[in-house]
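# A structural walkthrough
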Amino acid sequence: MNNIILLPIIFPFLAAIIIAVCNFTEKRRNIFAGSIIFLNLIFVSYIVANFNGISMHVIKMNEFLDIYFKVDKLSVFFSLLVSVLWLFTSIYAMEYMKHEGKEKRFFAYFILTLGVTLGIAFAGNLITLYLFYELLTLTTFPLVIHSGSKEALKSGMKYLIYSFTGATVALLGMLILFSLTNNLTFVPGGVINANLLDNKTLYFIIYVSMFIGFGVKAALVPFHSWLPAAMVAPTPVSSLLHAVAVVKSGIFAITRVTFYIFGANAVRFTGANKYLIILVIISILMGSFLALHQENLKKRLAYSTISQLGYILLGILLLNKNAFIGAMMHLLNHAVIKITLFFCVGAIMYTTGKTKISEINGIGKSMNITMFCFTISSISLIGIPPTNGFISKWLLAEGSLVEGKIGFPVILLLSALLTAMYLFPISIAAFFTKDESNVLEKKKAPIKMLIPIVCITVITVFLGLFPNFVLDFLRAMASEIMN
Amino acid sequence: MNPQIILVFIILIPLIGSFISFIIGIKDEKARSVFNITMTGANFFIITSLYFNVMNGTVDIFIPNIMGTGLFLKLDMFRYIFVWLTSLIWFLITIYSTQYLLSYKNRNRYYLFFMTTYWSTLGIFLSNNLINLFTFFEIMSLSSYPLIIHDEDKYSHDAGKTYLIMAVSGGLVLLMGLFLLYDFTQTLDIDKIKYVIQDIGNIKYAIAGLIIAGFGVKAGMYPLHLWLPKAHPASPAPASAILSGVLLKTGIFGILVTSEIMGFSDIYISNTLIVLGFITMFLGGFLAMYQRNIKRILAYSSMSQMGYIIVGIGLMGILHEHKAIALYGTIYHIINHMIFKVLLFMSAGVIYMKLHELSINGIGGFGRKRKTLKICFFIGSCAIMGVPGFNGFISKNLLHHALAEAVHLYGGIWLYIGELIFVISSAFTTAYLLKLFIAVFVEKSDHDIENIKMKVTGRALIPMTILAAMIIFIGLNPNFTMNIIYKAAESFYIYDKIDTHFYNLENIKSSLLSISLGTLIYVFFIRRVLKKGSGENWWYENTALNWFSLENDLFIPIFTVIFKISSVVLKFCDVGLLKLITLISNCMNSLLKMPLYYKRKSKALFSRKVNIINDINDYTFEYPTDITYEAKKARYKMNSITYSIYIFGVVLVLCLVVLLYS
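Residues numbered from 1 in each chain as written. Chains lettered and ligands numbered in written order. Predicted model: local features only at pLDDT ≥ 70, side-chain atom pairs only at ≥ 80, totals over all residues.

## Topic: the overall build of chain A
Of regular secondary structure, chain A possesses 18 helices and two strands. Its C-alpha atoms give chain A a radius of gyration of 21 Å, within 12% of the compact-globule value 23 Å for 483 residues. Dimensions of chain A, computed from C-alpha atoms along their principal axes, come out at roughly 70 × 55 × 45 Å. Across the 483 residues in chain A, those meeting the buried criterion constitute 59%. Considering only residue pairs separated by 6 or more positions, chain A has 81% of its internal contacts joining residues 24 or more positions apart. (Helix = DSSP H or I, 4+ residues; strand = E, 2+ residues; numbered from the N terminus. Rg over C-alpha atoms; globule rule 2.2 N^0.38 Å. Buried ≥ 20, exposed ≤ 12 C-beta atoms within 10 Å, placed from the backbone. Contact = placed C-beta atoms within 7 Å.)

## Here we look at the overall build of chain B
Summing up its helical and strand segments, chain B has 25 helices and four strands in all. With the principal axes as the frame, chain B shows a C-alpha extent of 135 × 65 × 65 Å. Among the 662 residues that make up chain B, the fraction classed as buried is 49%. Excluding contacts between residues fewer than 6 apart, the proportion of contacts in chain B whose partners are at least 24 apart in sequence is 80%.

## Some words on helix 13 (residues 321–352) of chain A
Spanning 32 residues, helix 13 of chain A covers 46 Å between terminal C-alpha atoms, matching the ideal 46 Å at 1.5 Å per step. After helix 13 of chain A finishes, the residue Gly353 of chain A shows a positive phi value of roughly 80 degrees. (Expected span 1.5 Å × (residues − 1).)

## Quick look at the interface of chain A and chain B
Contacts between the two partners involve 32 residues from chain A and, on the opposite side, 29 residues from chain B. Elements with a contribution of two residues or more to the side of chain A that touches chain B: helix 11 (272–293), helix 15 (388–402), helix 16 (407–432), helix 17 (447–465) and helix 18 (468–481) of chain A. When residues in the side of chain A that touches chain B are grouped by element, the largest group, eight residues, is from helix 16 of chain A. For the side of chain A that touches chain B, a count of residues per class yields 26 nonpolar, four polar and two charged. (Nonpolar A, V, L, I, M, F, W, Y, C, P; charged D, E, K, R; others polar.)

## Topic: the pairing of strand 2 (residues 66–70) of chain A
Residues and elements named next belong to chain A. Judged from the five bridges that link them, strand 1 (residues 55–60) and strand 2 form a sheet pairing that is antiparallel. Bridge pairing in strand 2 links Ser55 to Lys70. Adjacent in sequence and paired antiparallel, strand 1 and strand 2 are bridged by five residues. (Pairing = 2+ DSSP bridges.)

## Some words on the nonpolar core
Judged by nonpolar contacts, the single largest core of 390 residues is most densely connected at Ile111 of chain A together with Ile81 of chain B. No other element matches helix 15 (residues 324–355) of chain B, which puts 21 residues into this core. Setting aside its immediate chain neighbours within four residues, Ile111 of chain A contacts Pro12, Ala15, Ala16, Ile19, Ala33, Ile36 and Ile37 of chain A. (Core = buried A, V, L, I, M, F, W, Y, C linked by C-beta atoms within 7 Å.)

## Things to note about the packing of helix 15 of chain A against helix 16 of chain A
Residue and element names in this part refer to chain A. The N-to-C vectors of helix 15 and helix 16 enclose an angle of 155 degrees; their axes lie 8 Å apart at closest approach. It follows from the interaxial angle that helix 15 and helix 16 lie roughly antiparallel. On helix 16, the residues that touch Lys393, Leu396, Ala397, Ser400 and Leu401 of helix 15 are Phe408, Pro409, Leu412 and Ala416. The residue makeup of the contact of helix 15 with helix 16, split by class, is seven nonpolar, one polar and one charged. (Axes fitted to C-alpha atoms, helices over the stretch in contact; angles between N-to-C directions. Parallel < 35°, antiparallel > 145°, perpendicular 65-115°, else oblique.)

## Thoughts on the environment of Ser235 of chain B
All names here are of chain B. Relative to the assigned elements, Ser235 resides in the loop between helix 11 (227–234) and helix 12 (237–261). We classify Ser235 as buried; it has 27 C-beta atoms within 10 Å. Placed 80 residues apart in sequence, Ser235 and Tyr155 show a C-alpha to C-alpha distance of 10.0 Å.

## A word on the UniProt feature "domain: NADH:quinone oxidoreductase/Mrp antiporter transmembrane" (unreviewed entry) in chain B
The UniProt record marks residues 127–405 of chain B with the feature "domain: NADH:quinone oxidoreductase/Mrp antiporter transmembrane" (unreviewed entry), using the residue numbering of this structure. Secondary structure content for residues 127–405 of chain B is 80% helix and 0% strand, while the C-alpha to C-alpha distance between its ends is 33 Å. (UniProt positions renumbered as here; feature names shortened; annotations may be inferred.)

## Brief notes about the packing of helix 15 of chain B against helix 17 (residues 371–385) of chain B
Axes are the key here: two packed helices are described by the angle between their axes and the distance separating the axes. All names here are of chain B. Packing of helix 15 against helix 17 brings their axes to within 9 Å, and their N-to-C directions diverge by 145 degrees. Remark: the crossing between helix 15 and helix 17 carries left-handed chirality. In this structure, helix 15 contributes Asn336, Phe340, Leu343, Leu344, Ser347 and Val350 to the contact, and helix 17 contributes Leu373, Cys376, Phe377, Gly380, Ala383 and Ile384. Residues belonging to the contact of helix 15 with helix 17 are distributed by class as follows: nine nonpolar, three polar and no charged. (Left-handed = near helix turned anticlockwise from the far one by under 90°.)

## With respect to the confidence of the model for chain B
Considering every residue of chain B, the mean pLDDT works out to 83; 94% of them sit at 70 or more. Scored as a whole, the predicted complex attains pTM 0.89, and scored at its interfaces, ipTM 0.91. (pLDDT = per-residue confidence, 0-100.)

## Considerations on the environment of Ala347 of chain A
Residue and element names in this part refer to chain A. Within the fold, Ala347 resides in helix 13. Distance in space between the C-alpha atoms of Ala347 and Leu413 is 30 Å, their sequence separation being 66 residues. Residues contacting Ala347, with those up to four places away along its chain left out, are Met367, Thr370, Ala445, Met449 and Ile453.

## Some details on unusual backbone geometry
Residue and element names in this part refer to chain A. Backbone torsion omega between Pro385 and Pro386 reads 5 degrees, so that peptide bond is classified as cis. Positionally, Pro386 belongs in the loop between helix 14 (368–382) and helix 15. In this model, Asn182 sits at a positive phi of 65 degrees, which is unusual for a non-glycine residue. Residue position: Asn182 is located in the loop between helix 6 (150–181) and helix 7 (200–215). With 10 C-beta atoms packed within 10 Å, Asn182 lands in the exposed category. Phi at Ala219 is positive, roughly 55 degrees, even though this residue is not glycine.

## Re helix 6 of chain A
An α-helix turns once per 3.6 residues; consequently, residues spaced three or four apart project the same way. Residue and element names in this part refer to chain A. With 32 residues, helix 6 ought to run about 46 Å at 1.5 Å a step, and its terminal C-alpha atoms sit 46 Å apart, in line with that. By the burial criterion, the buried members of helix 6 are Ser155, Gly156, Tyr159, Tyr162, Ser163, Gly166, Ala167, Val169, Ala170, Gly173, Met174 and Leu177. Looking at the buried positions of helix 6, the neighbouring elements they touch are helix 5 (126–144), helix 7 and helix 8 (226–229).

## Concerning the environment of Ser590 of chain B
Residues and elements named next belong to chain B. In this fold, Ser590 is placed in helix 23 (residues 550–592). The exposed category is assigned to Ser590, around which 10 C-beta atoms lie within 10 Å. Each C-alpha atom of the pair Ser590 and Asp626 lies 9.9 Å from the other, and the pair is 36 residues apart in sequence.

Next comes the structure, spelled out in structure tokens:
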């Protein structure tokens, strides 16, 4: 029965091939794609519910080249998140992609990427993770350059160069690490043991290279500039890239390396976190600050992503339980919040064609539900209670205070203030500013776009009001990896 | 019904009601108004019915799992005063709003946020857990923003921007305080903090500073008051009444809870509060004298009155076992200010309803023949001035006694100065209210008052009459209120009562002293200096406009500089790496493309020397060459060398094979 773990990874691959080969009508393809993703969600939940802890070696050539899948708490967390948000995105994309065209190609790669991302989630050792990580770059590349314009191709190139360079650096770290430990399986608490004492500098280099290598996908400053550039992609893609698949895979890989390969104590011993945290702080501040300067709504959200990912990385690098729970909570929260924000911006683009903040005055009159959800999500991203962003901010701050660092909460709050400064003007322009020019068409967003937006907003508020069931799960995970 | 359940319903009724009213309002505006009045009225009666429960003991309820920490609501007499007044004021203002807002747009949106502010304010006063309190506080801060910018014009957006930035930053500062508090005490239960706060050392001051600053923004405490005089005039009158009457009190409530119930008050914190309170009191009163917009006068007046309350809170800290009187004065003044300031803003609203103008330079003499309005306004003004017989008299006297007690206990020049400021600020109060009252209701003017024919009905006037009646009642029956406050004082562990003969010669004398001083300021300063023109053609000037402004001359320049510098630095982080790589690649490119002149020369020389016959071909060598070109050529040559070696090798191998097998 262990083979069942392959099902959610293989199934999208097959479905993608079917979509690519058959000539469906638009309606049929939408139904097909939707049901595939829904089925996959059911597979994932079935596996997660009934087969927690199963593992499987697919191919094992030697200790290093070993394709190995495993279900543990972190993969449960990530795979469920990915599957649920993928479903919403697919509903959204059915409507949105109408005006982008080339839907066949889009849906084929879209579903393929789901399989690859689940592969990352279920990977049981570093080499499997690495393989799927590289695959992810390849499968998302056609999505990024979807429009085929010169700008899109240029951004696509940038994305490829950054991602591959990052992965190469990570691979370097991986190879050296393997030569030292002979074991790259994910074990809660890490596989590195007492021999760390001898090679402190070497381990330092390994950790830094892996962190930075995977950090490229997590938009760590100064390796972030692919992310704002990748904004040329269609909105469902950018929301997925930003909220779930790509950046979170980077974070996921870093979490795996930190807590399942090295272990908190080993990282602390190398002292690498002290230096890396500087980069993270710069990411947080720079992202929020430069978001203020962006006129284009999507770009604004892109820079905001850089800063929010910084929060998560900060939580990981603090290496204590509170901060870890906060980081994982923020991974979840940022995913649902950012995907809503992107969906809303996409809905504005789709219905009115406006992309800049100066053009959307008074848009809240016609698109009231969209902008209402946008406002709720903004409030949540700032971290104002009773939404979910507050919970993660609280945990992250407590995590840094446990370490005795008063500066980090201050930076978090400063960034929260900046977040308010770049997000509230959008809501204010939409709701409370008179539209003098009257050029806006009075159109509502289509229902297929509104359903995902409203659903995810409800999740946002629900997670803020009743976070305990997630928190308990994360607490269990945290005590598993840190004693 | 179980009073604990009712406690939840107090918040839930307006919470659900706000959305229901929004949905009703889309279809039928009249039904919505009726619904809102019924709902706030019902809530008011529910809260009133809790009186005896609270009188007998505390009501509290804990609902686990909400927001991770659970929802912990508590109602004792101290909170009940706030809750009851809030619900009363909201009820009255809802009635008043149905009349006032008739000429406004977006009424439905207004009511949605009006009601959201309502339940979140109730939540602040009820919550016994700091996380809950903070949650409600933030909801209130944000939901009052749409009320402020309701007009959607440039002025209100400007005011709204100041308000929003200050409210959000205030909230974040408060949150920082809560982070630290939780880290050091591991509890957020307001009642428990008292027992652990003494063990955490000097970090206590940082925490107290942050929390009090966070609440101080809402309370309009100097120097965090900047939003206050801007936001009040910008919003519609019912909203300004709410802002001044209730929202400022949430800040005061927070400071009071922090300093006294959570036990932060010690000599340093209390002294800071007293100093800031005196500055707030003096500055508010002083600037109010210069203003010409009725609402702005009232806004500065609110600021000044908040100063009295903050001084009262500070005095509680330094008076130790004698702090009862300061507490009574503080709570009494809070009650009074909630009532009379709402009344005055409602009156200002009536004027605005008629004229759409608020500057006293445009409406002088408007109220000469409007009796009800005149009487209400007169009662409200007398109450703030502290004229004997009105409620302000009692609370100001209590506060004055508390101050005198402090002077008696500690002496010292500073407290004497404080007492002086107290008297002078009271005189300012009298002066600016006289200015307002005489200009609007007494003096004749040639102002072209265009009367918009809008009938002010009972819906606007009855709430005002009720409040006016309350002022008189509380003023004449101080014992009634004092009995409630005695019960409220139990939350502060104070059980001693005080002598309540307020109407004695000494009190009346001190009250009349400041009133006559104020009249002198009015006659000799305001009328002589600020008032221009003569006869019926008069106007006031505001010379304070050109003075040093904390916002324009200090805060904005500082933040602009910080903003610019960080922009440059962070922009560098953003594109620094890319720029560096581009730079390196450009350098390499230009290096490689550098023409290699010497080579050409030598080549030319060579060809000329060796190849004399081919002199005509000399020019064929004259093209410039560079490293890229040379590298290409070299590669080509290398290739041919490689090939030849390769071919040579193959031949060699073949030979070998042939030799071996032949």
